[in-house]
Amino acid sequence: MQTRRETLTQSAVVAGLLAGTGLFPGYALAFNAPAFDAKNLADAYKGLGVAAPQASKDVTLTAPDIAENGAVVPFAAATTLAGVKQILFLVDKNPTVLIAAFNLTDSVEANVSTRAKMAQTSDVYAVAVLNDGRTLFAKKEVKVTLGGCGG
């Protein structure tokens, strides 16, 4: 009978060997580097392999009108459309435009939220990529204030 300490030690050794040989699933490395490194919206869409989106009232974006702390700006996006495979958050004037990409299946509700850092006032986009190839977006301007003065 193994003790708890021996089991944990052996598990750590196996995890280290798997990490060293690259046998861990590549989920952490599976992100789309060209899309996340994009400096503008067109390059981000190209890196993601999606067409330029069309505005739609079926996609909702929840974000503050004024963000007093640009380091933690909350965003949420939702849609009731069927067949959503991705929801993307993009901030137009950030150094890297693509903030987050959520991969979805039909078994989950297309309702996601995150927080991001914004350096300046900018348009924020929530983009829904559908299985049929359509891309739809909602847009909102978020004003970022310095020092929380509201101006």
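Owing to the predicted nature of the structure, the values given are computational and were not obtained by experimental measurement.

Right, let's get into the confidence of the model for the protein chain. Residues with a pLDDT of 70 or more make up 85% of the protein chain, whose mean pLDDT is 85. Across the protein chain, the secondary-structure element scoring lowest on mean pLDDT is helix α1 (residues 4-21), at 77, and the one scoring highest is strand β2 (residues 59-62), at 96.

All right, on to the nonpolar core then. One finds F75, I87, F89, M118, V124 and V142 to be the most contacted residues of the largest nonpolar core, which totals 25 residues. Among the secondary structure elements, those contributing two or more residues to this core are β2, β4 (73-79), β5 (84-91), β7 (111-116), β8 (122-130) and β9 (135-144). Those residues in contact with M118 that lie beyond four places of it in its chain are G70, V73, F75, V91, N94, V124, V142 and V144. In terms of nonpolar packing, the next biggest core, distinct from the first, is built from 15 residues, A38, L48, L88 and F137 among them.

Attention now moves to the packing of aromatic side chains. Applying the stated rule across the entire model yields three aromatic pairs. Note on F75 and F89: the rings are 6.0 Å apart at their centroids and 25° apart in plane angle, and the pair reads as stacked. Here the residue F75 occupies a position in strand β4, and F89 occupies one in strand β5, the gap between them amounting to 14 residues. You can call F89 buried: its relative accessible area is 1%. The structure contains a cluster of three or more aromatic residues connected by ring pairs, namely F75, F89 and F102.

The tally for this structure, following the rule as stated, stands at three salt bridges. In this structure, the salt-bridge partner of D132 is R134, at a minimum N-O distance of 3.0 Å.

Turning next to the pairing of β9. Judged from the two bridges that link them, strand β1 (residues 54-55) and β9 form a sheet pairing that is parallel. Each residue of the ladder has a partner; that of A55, found in β9, is F137. Relative to β9, strand β3 (residues 66-67) runs parallel, the two being bridged by two bridges. Note on β9: the bridge partner recorded for A67 is V144.

Parameters at a glance
- Residues numbered from 1 in each chain as written.
- Predicted model: local features only at pLDDT ≥ 70, side-chain atom pairs only at ≥ 80, totals over all residues.
- Heavy atoms only, no water.
- pLDDT = per-residue confidence, 0-100.
- Helix = DSSP H or I, 4+ residues; strand = E, 2+ residues; numbered from the N terminus.
- Core = buried A, V, L, I, M, F, W, Y, C linked by side-chain atoms within 4.5 Å.
- Buried < 20%, exposed > 50% of the residue type's maximum accessible area, 1.4 Å probe, protein only.
- Contact = heavy atoms within 4.5 Å.
- Phe/Tyr/Trp six-rings, centres within 6.5 Å; stacked < 30°, edge-to-face > 60°.
- Salt bridge = Lys/Arg side-chain N within 4 Å of Asp/Glu carboxyl O.
- Pairing = 2+ DSSP bridges.

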